[in-house]
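Report on the structure
What follows is each chain in one-letter form.
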Amino acid sequence: MDIHEYQAKEILSNFGVGIPQGALAYSPEQAAYRAREMGGDRWVVKAQVHAGGRGKAGGVKLCSSDSEIQTVTEGMLGQKIVTHQTGPEGKGIYRVYVEAAVPITREIYVGFVLDRARQRVMIVASSEGGMEIEDISAQQPESIVRATVEPAVGLQEFQCREIAFALGIKPGMVQQMVRTLLGCYRAFRDLDATMVEVNPLVITGDDRILALDAKMTFDNNALFRHPQVSELRDKSQEDPRESRAADRGLSYVGLNGNIGCIVNGAGLAMATMDTIKLAGGEPANFLDIGGGATPERVAKAFRLVMSDKNVQAILVNIFAGINRCDWVAEGVVRALREEPVDVPVVVRLAGTNVKEGQKILAQSGLPLIRATTLMEAAERAVMAWRSDTNRNPNLKVV
Ligand code: GDP
Ligand code: MN
């Protein structure tokens, strides 16, 4: 789960990381009022969306008067911003963050990420802040400093000092840098984050180290133990298909192809998508019905997958261990009786109660395409999709 910049800053600040003074606003008047409250004569109005690259896309504007703040905020709220991270459809701006502008002397990059291969938290820092990390690593790879955290002991102060020296932080400010890095690390660890990125971390004219931008991503599987973090979820920033599924206790991932996939388990989902690609097709999404799915749940899954306009064929691939093929079959039949679909449906069942499941499908009288192996299922789905779309000239044939 992603959160907004202002939320990430508040969290980091609670862990001792310095941030500029700022306040949230939902309207132009409120934005101007917030700035007046703060005082000063220069402010930055920042669009709050779950994406970086706002600066280049007009989502970060420096203002020096009340009326300018109002005009800028007016121009942002309700609009969609398209950055290289939002995808072409962009993300809606419904709140802005107003910040007291700070005099910047240096911009640094600091990121904390989970290195799954090494099973460690990694710190990536660079003296070339302000640019995206991808650009830094392409253009100035020598500026990147890395450190690995040993989980048994956590991030050590000497590691932070080493990073500070490598970034050329002057001696009088090293301790401040150590506090900043430790604060980010503790926020990451204590709240089960998978990413903390401060870009830029700035050094001000009056020798303060401040997080000028902040991004945090959290491990969805650990949200249950951080209610104060789950509360920060903003559905307006998510793929509506995915949040609708999450509300129904199903996990859904939207993709760009045409074959909708209903599977059980993430591993089987990956294998199913690989096989569809191998067979010459492109998955539109995958929906994981999880273990112990009831017919109701399967029927719900069907409706969700069908609500995606790009879906031109459906592949149901179930390898039932905890699940029961007869329940899945019943769910499929129920869904299709309640709301017939106009795309081909391929069903492959294996595992617990497979015979009963096959019988239910066979006796339903529905035009289902059945398959025994995964390869067969993928090939039939792609073939059915091809011939179906050929018949219908309005549909895109890849
Ligand atoms: P992003 O483009 O979405 O990553 O948004 P950022 O919050 O990183 O802002 C982009 C750029 O705007 C930063 O790299 C800064 O150079 C600039 N910026 C943001 N806030 C301030 C500020 O308070 N003062 C000044 N002078 N520049 C700022
Ligand atoms: Mn940034």
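The rules we used
Residues numbered from 1 in each chain as written. Chains lettered and ligands numbered in written order. Predicted model: local features only at pLDDT ≥ 70, side-chain atom pairs only at ≥ 80, totals over all residues. Heavy atoms only, no water. UniProt positions renumbered as here; feature names shortened; annotations may be inferred. Helix = DSSP H or I, 4+ residues; strand = E, 2+ residues; numbered from the N terminus. Buried < 20%, exposed > 50% of the residue type's maximum accessible area, 1.4 Å probe, protein only. Polar contact = N/O pair within 3.5 Å; in protein donor to acceptor, adjacent residues only side chain to side chain. Pairing = 2+ DSSP bridges. Donors = N, O, S within 2.8 Å, 3.2 Å for Na, K, Ca; no water. Salt bridge = Lys/Arg side-chain N within 4 Å of Asp/Glu carboxyl O. Domains from an automatic or database assignment. Contact = heavy atoms within 4.5 Å. Buried area = accessible area lost by both parts, 1.4 Å probe. Nonpolar A, V, L, I, M, F, W, Y, C, P; charged D, E, K, R; others polar.

1. A short note on the UniProt feature "binding site: substrate" (unreviewed entry) in the protein chain
Here, the residues flagged by UniProt with the feature "binding site: substrate" (unreviewed entry) are N264. Within the element layout of this structure, N264 appears in the loop between β14 (259-263) and α9 (266-278). For N264, a relative accessible area of 12% translates into the label buried. A distance of 2.9 Å separates the side chain of N264 from the backbone oxygen of F319, its partner in a polar contact.

2. Describing the pairing of strand β6 (residues 96-100)
Across the five residues that make up β6, a large majority, five, are buried. Residue alternation in β6 divides its side chains into two sets, V96, V98 and A100 and Y97 and E99, and both sets are buried. Summarising the sheet, strand β1 (residues 22-25) and β6 pair through four bridges and their orientation is antiparallel. Paired with L24 across the two strands is Y97, which belongs to β6. Relative to β6, strand β2 (residues 43-47) is paired through five bridges, and the arrangement is antiparallel. Among the inter-strand pairings, K46 is bridged to a residue of β6, identified as Y97.

3. Remarks on the coordination of the manganese ion (ligand 2)
Surrounding the manganese ion (ligand 2) are the protein donor atoms N199 (O) and D213 (OD), at 2.1 to 2.2 Å. A residue pair is termed long-range when its members are at least 10 positions apart, and N199 in strand β10 (residues 193-204) and D213 in the loop between β11 (209-211) and β12 (215-218) qualify at 14 residues. Like D213, N199 is buried.

4. Side note on the pattern of salt bridges
Counting across every chain of the model gives 23 salt bridges. A salt bridge links E5 to K9; its shortest N-O distance comes to 2.6 Å. One end of the pair is E5 and the other is K9, both in helix α1 (residues 5-14) and four residues apart, which spans about a single turn. Like E5, the residue K9 is buried in the burial classification. The shortest N-O distance in the salt bridge between R120 and E150 comes to 3.4 Å. Within this pair, whereas R120 is found in strand β8 (residues 120-126), its partner E150 is found in the loop between β9 (144-149) and α5 (157-166), the two being separated by 30 residues in sequence. The exposure class assigned to R120 is partly exposed, which follows from its relative accessible area of 23%. Through salt bridges with shared partners, one network takes in E5, K9, K46, R54, E99 and D213.

5. Focus: the domain arrangement of the protein chain
Assigned domains of the protein chain: these are domain 1 (1-19 + 103-238), domain 2 (21-101) and domain 3 (239-387). On a C-alpha basis, the centres of domain 1 and domain 2 stand 23 Å from each other. Taken together, the 16 residues of domain 1 in the interface contact 18 residues of domain 2. Summed over both sides, the interface of domain 1 with domain 2 buries roughly 1,500 Å², with 39% coming from carbon and sulfur. One can count five salt bridges joining domain 1 with domain 2. Linking R95 and D234 is a salt bridge whose minimum nitrogen-to-oxygen distance equals 3.4 Å. Joining domain 1 to domain 2, the criterion identifies 13 residue pairs in polar contact (both at pLDDT 80 or more). With four residues, the top contributor of residues to the side of domain 1 that touches domain 2 is α1. Here the side of domain 1 that touches domain 2 is composed, by residue class, of five nonpolar, four polar and seven charged.

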